[in-house]
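Okay, here's what each chain looks like letter by letter:
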Amino acid sequence: MHHKGEQIEVTIADAGDDDKCFAKLEDGMSVFVQGRVAVGDRVSAEVYKVKKNYLEAKLREVLSPSASRVEPPCQHFGVCGGCKWQHVDYAAQLEQKRKHVQDALRHIGGFKEIIVEPAIAALSPYHYRNKVDFSFSNRRYLSPDEMNIDASLLKPLDFALGFHAPQRYDKAIDIDECHIATSEMNKVLETVKAFSQAKKLSVYSTDTDSGMLRNLVVRQSVHTDDLMVNLVTSPPHDAPLMNELLARLNDALGERLTTFVNGLSSRKNTVAFSESEAVMKGDGTITERLGAYRFSISANSFFQTNTLQAERLYEKTLELARLEKSDVVYDLYCGTGSISVFISAHCAKVFGIEMVESSIRDAHANALRNGITNCRFKMLDLKDFGKMESELKEFGLPDVVITDPPRAGMHPDAVQTLLKLAPKRIVYVSCNPASLARDGKSFCDGDNYRLTEVHPVDMFPHTNHIESVAVFERL
Ligand SMILES: C[S@@+](CC[C@H](N)C(=O)[O-])C[C@H]1O[C@@H](n2cnc3c(N)ncnc32)[C@H](O)[C@@H]1O
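Residues numbered from 1 in each chain as written. Predicted model: local features only at pLDDT ≥ 70, side-chain atom pairs only at ≥ 80, totals over all residues.

A. Structural context of the site of the ligand. Around the ligand, 18 residues are found, and the nearest of them are Tyr333, Gly335, Met355, Leu382 and Asp404. The residue inventory of the shell around the ligand, partitioned by class, reads nine nonpolar, five polar and four charged. (Near = placed C-beta within 6 Å. Nonpolar A, V, L, I, M, F, W, Y, C, P; charged D, E, K, R; others polar.)

Right, dumping it as structure tokens:
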């Protein structure tokens, strides 16, 4: 009989969904081991939960490290929840992600035959983000190591600018350097931190619903020279103070800073969303390119955060859609219309559907900006897709449907409407292998469609997230 507190030794067999990895004891009992482990590690661990079919245990010691282990470059690794896989060699990460997609399709979708292709690797597995969103907090999160240090030797406890610790929205880890951000973003972080502390500026707290500093969002284009700093504060806008900060940022970054925005938020939360913006330099937007197309991104706009991999994701989507010039294409969950715009030259017309009003506005603007006239966009919650029948008939029924739903996947009513429309091909872009497997099963039940290809694309190296593009052909 297994029991709480039991010491076990196991070899890690598989990566899990979060930071728990999977292993099996000699008696066949499954164990989820929590901690910085890698597939292939031999570890000792202590059981803290006993269930009928599995145990949960905490890592105590790595007895024999896996060959796939590498030294993580980040000083915040193990505390910051952002890059949980930095200690695993990048090639091994890619294979774990590919296997994760394969396993979900087999176990949830029942796709026993499908062979998931190797994951498309990021060109640069570090410094890849075009946006980082740092949070201020008046309660600095202490790592387990810091807990044992005399508080007077530590950085201040009542100020942090960095990332929230996992599941700790009241506290933030003070970040000195983020390795998936660019060097300019880290320079902005350092400058804003020094300025805020020197000026003793107050930090917003949801406990008291007071304080000034909320978020620091930095966006940097990969294909143009644009760089935006958006300091989100509580109102009112303090123009002299913001101009002083702008001068410091200009000193630190020289000509690199193209726009500086003071976003104002009075919401009782820590989300980096501003109700209004005071633009202190430039025009409050940056321009980014995806392939031949240019997109204007403002302080609150949604945009894919890894530009180079977004291009590869869209290129793969376009390739797998195998469009003909006469094809009518629907782009479901189109966001700001970036897929619609990207594929528009390869088909007759595109109908993009999305439920967020500001995204639809951006989609119209993006099409216009690129001189595209064959895209229509509509704001709609796709659970009501079935109610659009007459508008869809008037536009033209789809030859190909591209669908890119959020993590939860497609609403069952949207799936049923899609099946009724019976396009010759469905290209499913997924950020969650489990919902891809579930929705894919609905497409293929009843022998309507066949899953023919699945290509994972790694948009977020060092995390457990994986994007995939899957093709379903009508039978
Ligand atoms: C994964 S994003 C895809 C964005 C876009 N295709 C891109 O590549 O930038 C999913 C989109 O679905 C939208 N969305 C979520 N639930 C929806 C629903 N029920 N109906 C319509 N759109 C929805 C979100 O607002 C978001 O823009």
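B. Local environment of the nonpolar core. Counting 126 residues, the largest nonpolar core has Ile12, Val33, Ile173, Ile343, Ile402 and Val427 as the members making the most contacts within it. The greatest single-element share of this core, amounting to six residues, is contributed by helix α5 (residues 307-321). Among residues more than four places away in sequence, those in contact with Val33 are Val10, Ile12, Lys20, Cys21, Ala23, Val43, Ala45, Ala57 and Leu59. (Core = buried A, V, L, I, M, F, W, Y, C linked by C-beta atoms within 7 Å. Buried ≥ 20, exposed ≤ 12 C-beta atoms within 10 Å, placed from the backbone. Helix = DSSP H or I, 4+ residues; strand = E, 2+ residues; numbered from the N terminus. Contact = placed C-beta atoms within 7 Å.)

C. Spotlight on the sheet that holds strand β15 (residues 328-332). With respect to topology, seven strands assemble into an open sheet ordered β17-β16-β15-β18-β19-β21-β20, the strand pairing being mixed. The sheet is open, and its two borders are formed by β17 (375-379) and β20 (449-457), each paired with just one other strand. For this sheet, the mean angle separating the axes of adjacent strands, direction not counted, is 15°. Relative to strand β21 (residues 467-474), β20 is paired through eight bridges, and the arrangement is antiparallel. Residue pairing for β21: Pro456 is matched across the bridge by Ser468. (Pairing = 2+ DSSP bridges. Axes fitted to C-alpha atoms, helices over the stretch in contact; angles between N-to-C directions.)

D. Inspection of the domain arrangement of the protein chain at higher detail. Parsing the protein chain into structural domains produces domain 1 (7-64), domain 2 (102-124 + 306-474) and domain 3 (131-298). Computed from C-alpha atoms alone, the centre-to-centre distance between domain 1 and domain 3 is 38 Å. (Domains from an automatic or database assignment.)

E. Seen up close, the packing of helix α3 (residues 183-198) against helix α4 (residues 239-253). At a closest axis distance of 10 Å, the pairing of α3 and α4 adopts a crossing angle of 140°. Between α3 and α4, the crossing angle belongs to the class labelled oblique. Once α3 is placed against α4, the crossing between them reads as right-handed. Contact with α3, carried on its side by Glu184, Lys187, Val188, Thr191 and Phe195, involves Leu245, Arg248, Leu249, Ala252 and Leu253 of α4 and no other residues of that element. (Parallel < 35°, antiparallel > 145°, perpendicular 65-115°, else oblique. Left-handed = near helix turned anticlockwise from the far one by under 90°.)

F. Molecular detail of the packing of helix α1 (residues 90-107) against helix α10 (residues 433-444). Where α1 contacts α10, the two axes come as close as 8 Å, and the packing angle between them is 35°. Viewed along their axes, α1 and α10 form a crossing whose handedness is right-handed. Between α1 and α10, the contacting residues are His100, Val101, Ala104 and Leu105 on the first element and Pro433, Ala434 and Ala437 on the second. Of the residues assigned to the contact of α1 with α10, the class counts are six nonpolar, one polar and no charged.

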